[in-house]
Amino acid sequence: MIASAMINPHEHNALEPGARQAGVTLIELLTVLVIISIMAVGSTIAFRSFTRSSGIDGATRSVASTLSQCRQYAITHRESIKFVYSNETSNGFSWSTYSVRDVWDNIIMGPMSNPYGLVFDSATGGMTFLSDGSVPGIFKEEIVLTEDVPANAAAKTVSVNRMTGFIRVLSR
């Protein structure tokens, strides 16, 4: 007889009663599903935090870029230029708008708006760039963008050096 065709009497057929079957139990399956659910919830929370911070980062970079363009316009055209902003509220939603204006209050750029929920937290309402690119006053001027949600509100600051007009974004 051929050795491969021999039947071992001590081996059990998988279909016989009392034979071990390979597979996954219900408890193992539920454990894996619980672990996957916990990971999905954790990643959703992280993603929301990421999108929130990227929104305020983008708005702050946009304001800093507009300030830089405003300064360059003042130097190029040899005239004072104003960066003007305001906060608006309607039906419980808050947002902010900003524009660039000349000394006669003609709009040069804008109005532009930040995403809903982002407002300017500075009380000055704007700043003026002189024809040499500087900002009147001493030290620096700061514009703060913040979320209109009091609890855990993220904020970013755009700082402008008054003497040199150097613009940088700071975390707060």
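Computed from a predicted structure; not experimentally measured.

Rules used in this analysis
- Sequence positions are assigned chain by chain, starting from 1 and proceeding in written order.
- pLDDT decides what is reported in this predicted model: residues at 70 or higher carry local features, side-chain atom pairs at 80 or more are listed and counted, and totals for whole chains, interfaces and linings draw on all residues regardless.
- Side-chain metrics in this entry use all non-hydrogen atoms of the structure; hydrogen atoms and water are not considered.
- Two strands are said to pair when DSSP picks up at least two bridges between them.
- Secondary structure elements are defined from DSSP: runs of H or I of at least 4 residues count as helices, runs of E of at least 2 residues count as strands, and each element is numbered from the N terminus.
- With axes taken as lines fitted to C-alpha atoms, and helix axes fitted only over the stretch in contact, angles between N-to-C directions fall between 0 and 180 degrees.
- Pairing of aromatic side chains requires ring centres within 6.5 Å, counting the rings of Phe and Tyr and the six-membered ring of Trp. Pairs whose planes differ by under 30 degrees are stacked, by over 60 edge-to-face, and all others tilted.
- Buried means the residue's accessible area, taken with a 1.4 Å probe over protein chains only, is under 20% of the maximum for its type, while exposed means over 50%, and partly exposed covers the values in between.
- We count a salt bridge whenever a side-chain nitrogen from Lys or Arg sits within 4 Å of a carboxyl oxygen from Asp or Glu.
- Under this definition, polar contacts are N or O atom pairs within 3.5 Å; protein pairs additionally need one hydrogen-donor-capable and one acceptor-capable atom, and for neighbouring residues in sequence, both atoms have to be side-chain atoms.
- By definition in these notes, contact holds between two residues if any of their heavy atoms fall within 4.5 Å.

**Student:** I keep staring at the sheet that holds strand S4 (residues 118–120) and nothing clicks. Help me out?
**Tutor:** Hydrogen bonds between backbone atoms are what pair the strands of a sheet, whose relative direction is either parallel or antiparallel. Read across the open sheet, the 4 strands follow the order S4-S6-S7-S8; overall the sheet is antiparallel. Looking at which strands have only one partner, the edges of the open sheet turn out to be S4 and strand S8 (167–171). If you compare each strand with its neighbour and ignore which way they point, the axes differ by 25° on average. Note that strand S6 (residues 140–147) and strand S7 (residues 155–161) share 7 bridges and pair antiparallel. When the bridges of S7 are listed, Thr146 appears paired with Ala155.

**Student:** Quick question: what am I supposed to make of the packing of aromatic side chains here?
**Tutor:** Each aromatic ring pair is described using two quantities: the centre-to-centre distance and the angle formed by the ring planes. All told, the structure shown has 2 aromatic pairs when counted by the stated rule. Consider the rings of Phe83 and Tyr85, whose centres lie 6.1 Å apart with planes at 50°: the pair is tilted. The pair Phe83 / Tyr85 is uniform in exposure class, with both members buried. Relative to Tyr98, the ring of Phe83 has its centre 5.5 Å away and its plane inclined at 40°; by these criteria the two rings are tilted. Taken together, the residues span a long stretch of sequence, with Phe83 in strand S1 (residues 81–90) and Tyr98 in strand S2 (residues 93–102) at a distance of 15 residues. Judged by relative accessible area, which is 2%, Tyr98 ranks as buried.

**Student:** Any chance you could explain unusual backbone geometry here in plain terms?
**Tutor:** Glycine aside, residues mostly have negative phi angles, and peptide bonds mostly take the trans form. With a phi close to 50°, Arg78 is a non-glycine residue in the positive phi region. Looking at where Arg78 falls in the secondary structure, it is placed in the loop between helix H1 (26–77) and S1. What makes Arg78 exposed here is its relative accessible area of 72%. Unusually for a residue other than glycine, Asp105 sits at a positive phi of about 70°. Look at Asp105 and you get partly exposed, because its relative accessible area is 41%.

**Student:** Please clarify how the sheet that holds strand S5 (residues 126–129) should be interpreted in this entry.
**Tutor:** The strand order across the open sheet formed by 4 strands is S3-S2-S1-S5, and the pairing between neighbours is antiparallel. On the outer flanks of this sheet lie strand S3 (107–113) and S5, each paired with one strand and no other. Taking each pair of neighbouring strands and ignoring which way they run, the sheet shows an average axis angle of 15°. Judged from the 10 bridges that link them, S1 and S2 form a sheet pairing that is antiparallel. Along S2, the bridge assignment pairs Ile81 with Asp102.

**Student:** For this particular structure, what's the right way to read the pattern of salt bridges?
**Tutor:** Any two side chains of opposite charge can pair, given that their charged atoms come close. Counted according to the given criterion, the structure contains 1 salt bridge. A salt bridge links Lys82 to Asp105, with the nearest nitrogen and oxygen atoms 3.3 Å apart. Taken together, the residues span a long stretch of sequence, with Lys82 in strand S1 and Asp105 in the loop between S2 and S3 at a distance of 23 residues. Lys82 gets classed as partly exposed once you look at its relative accessible area, which sits at 24%.

**Student:** What exactly am I supposed to notice about the side chain of Thr66 here?
**Tutor:** When you line up the elements, Thr66 lands in helix H1. Exposure remark for Thr66: the relative accessible area of 4% places this residue in the buried category. Side-chain polar atoms of Thr66 contact the backbone oxygen of Ser62, separated by 2.9 Å. Not counting chain neighbours up to four residues away, the residues in contact with Thr66 comprise Phe83, Tyr98, Val100, Met109 and Met112.

By themselves, these figures tell us nothing about what the structure is for.
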